[in-house]
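Chain residues, written in single-letter form:
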Amino acid sequence: MYKGTLDYAQEQDKKDKLAYLREQFHIPKDKEGNDWLYFTGNSLGLQPKSTQKYIQQELDDWAKYGVEGHFEAKNPWLPYHEFLTDSMSKIVGAKPLEVVVMNTLTTNLHLLMVSFYQPTKKKYKIVIESDAFPSDRYAVQSQLKFHGFDVEDGLIEWKPREGEELLRIEDLEQIVSEQGDEIALLLIGGVNYYTGQYLDLKRIAEIGHAKNCFVGIDLAHGAGNISPELHNSGVDFAAWCTYKYLNSGPGSLAGLFVHEKHAKNKELPRFAGWWNHNKETRFNMRQPFDVMEGAEGWQLSNPPILSMAAIRASLDMFNDVGMEALREKSERLTGYFEFLINQIDTDRIKVITPSNPKERGCQLSIQVQNADKSLHKKLTENNIITDWREPDVIRCAPVPMYNSFEDVFKMVEILKSLL
Ligand SMILES: *Cc1c(COP(=O)(O)O)cnc(C)c1O
């Protein structure tokens, strides 16, 4: 059982087998040199100290070899993206064939919709969550428009019930059983960015596939946070950014997953560039386009190596630790956070994230009645970095890689004093 004392929190940190990882990150500090209490790893993960070395290696090889670095660099640039594939596929529970690192998240969603949103006059609608991340909403709206459909008519929102915050899978089931003949695509955030709810991807895939809809998952808030078992879930495609829980730096490249069942389907509509052309003949330059199998068949351009070096630094850490150990700590750390929040003696506070650890990652979304953004400002003045969502929600992510039980304890003490 948890205890709400500083001693207890520090004792947990001493017992924590992953506590050594915090030392491997740059933790931002205030002017006096005190560590910030950083709870926004769900927005921009902190920088691993090793990142600089990984990027420096590529800068050095560029200086030394120029274009020859594509072959001569210590980590040759030509196949560089392949160095990321194994670790990335483990993180999301996929086969290496199904995963590639490329582009950025919203771009990947569009490229995937080129293939998996194939509307007809009768079957053209897209289902998203009502609290979908704005970029995802804009992306599907623009796809509807691009194909000549009315956005109001074409976009179906899966909403929480009146008076509730969380989504119920049976409501999605009902939408799809009633309107499935008109629905072409479900595009759902696997872990909702606002509530932190982790949805049952396998169920979503079954529901969509029962009515011949394609099913895609945005894993921006899932990758490096929960273990989504993408392959076994059966979803058709997924995409995620790497700068949140995967600590790869602002605006860094994204991941893309296409299920093995589509790996050899060369008939899927898709856009092309030289980087999804057959590796064997890519540099002959005059060959007719010959698309690669698997997720690599969605690439277009030769990728930015410096960004990939940062991703590699981070993935090497994830690989060493393993998602299982991270999840184990994450459940305890977030459980402790929830325990402390629930101990605060006020009815102004409500955690809207599911209380079942299987239905969430590390994030808790804390609703504070009658609060406004000044609360967030005061938290920031106290070195507590959180994310504010109008009208009244603080999103906090204690990240198992670098947050401590003591961070969580101190954060709740200060929150309590501000209420
Ligand atoms: C962070 C996030 C994005 C951001 O998209 P970019 O293309 O990387 O700018 C999009 N969707 C979701 C669900 C996110 O959490």
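Coordinates for the structure precede this section.
Computed from a predicted model, the values in this text were never measured in an experiment. (Residues numbered from 1 in each chain as written. Predicted model: local features only at pLDDT ≥ 70, side-chain atom pairs only at ≥ 80, totals over all residues. Heavy atoms only, no water.)

A. Representation of the pairing of strand E2 (residues 99-102) in the model. The alternating pattern of E2 places Val 99 and Val 101 on one face and Val 100 and Met 102 on the opposite face, and all of these are buried. Pairing analysis gives four bridges linking E2 to strand E8 (residues 254-258), with the strands arranged antiparallel. In the strand pairing of E8, Met 102 is matched with Ala 254. (Buried < 20%, exposed > 50% of the residue type's maximum accessible area, 1.4 Å probe, protein only. Helix = DSSP H or I, 4+ residues; strand = E, 2+ residues; numbered from the N terminus. Pairing = 2+ DSSP bridges.)

B. Just the sheet that holds strand E9 (residues 349-351), in detail. Reading across from one edge, E9-E10-E13-E12 is the order of the four strands in this open sheet, with antiparallel pairing throughout. A single partner strand is all that each edge strand has here, and the edge strands are E9 and strand E12 (387-389). The average angle at which neighbouring strand axes cross in this sheet is 25°, direction not considered. Where E12 lies against strand E13 (residues 393-396), three bridges are found, and the strand directions are antiparallel. Looking across to E13, one finds that Asp 387 is bridged to Arg 395. In this fold helix H13 (residues 373-381) packs onto strand E10 (364-368), E12 and E13, with an angle of close to 180° to the strand it touches most, E12. (Axes fitted to C-alpha atoms, helices over the stretch in contact; angles between N-to-C directions. Contact = heavy atoms within 4.5 Å.)

C. Layout of unusual backbone geometry. The residue after Glu 390, namely Pro 391, is reached through a cis peptide bond having omega 0°. Among the structural elements, Pro 391 can be located in the loop between E12 and E13. A positive phi angle is found at Asn 103, which is not glycine, with a value near 50°. Looking at the secondary structure, you find Asn 103 in the loop between E2 and helix H5 (105-116). For Asn 370, which is not glycine, the phi torsion reads 60° and is therefore positive. Secondary-structure assignment places Asn 370 in the loop between E10 and H13. On the accessibility criterion, Asn 370 (73% relative accessible area) is exposed.

D. Quick peek at a positive patch on the surface. Together, Lys 3, Lys 15, Lys 17 and Arg 332 line one region of the surface with positive charge. You can see Lys 17 is positioned in the loop between helix H1 (6-15) and strand E1 (37-38). (Patch = residues over 30% accessible without salt bridge, like charges linked within 9 Å, V, L, I, M, F, W, Y side chains within 5 Å. Areas by Shrake-Rupley, 256 points an atom, 1.4 Å probe, with all protein chains shown as cover. Salt bridge = Lys/Arg side-chain N within 4 Å of Asp/Glu carboxyl O. Lys, Arg positive; Asp, Glu negative; His and termini not counted. Charge placed at Lys NZ, Arg CZ, Asp CG, Glu CD.)

E. Fine view of the pairing of strand E5 (residues 183-189). With seven of seven residues buried, E5 lies mostly within the body of the structure. Sheet analysis places E5 next to strand E6 (residues 214-218), joined by five bridges and oriented parallel. Looking across to E6, one finds that Ile 188 is bridged to Ile 217. Once the chain exits E5 it traverses helix H9 (residues 201-210) before rejoining the sheet at E6, and the crossover so formed is right-handed. (Right-handed = clockwise from strand over helix to strand, strands pointing away.)

F. Region of interest: the pattern of salt bridges. Under the defined criterion, the tally for this structure stands at 26 salt bridges. Across the pair Asp 153 and Lys 125 runs a salt bridge whose closest N-O atoms are separated by 3.9 Å. Taken together, the positions of Asp 153 in helix H7 (residues 151-154) and Lys 125 in strand E3 (residues 125-129) put the pair 28 residues apart, joining distant regions of the chain. A relative accessible area of 35% places Asp 153 in the partly exposed class. Classification of Lys 125 as buried rests on a relative accessible area of 8%. Salt bridges sharing common partners tie together Arg 22, Lys 29, Asp 35 and Asp 407.

G. Main features of the nonpolar core. Grouped together as the largest cluster of nonpolar side chains are 66 residues, with contacts concentrated most on Val 92, Trp 158, Leu 186, Ile 204, Leu 230, Trp 240 and Met 401. The element contributing the most residues to this core is helix H11 (residues 305-321), with nine residues. Counting the residues that make up this core, at least three belong to each of domain 1 (6-46 + 322-418) and domain 2 (56-319). Counting residues in hydrophobic clusters, the runner-up holds 32 residues, among them Leu 111, Val 151, Ala 184 and Ala 239. (Core = buried A, V, L, I, M, F, W, Y, C linked by side-chain atoms within 4.5 Å. Domains from an automatic or database assignment.)

In short, shape yes, function no, at least from these values alone.
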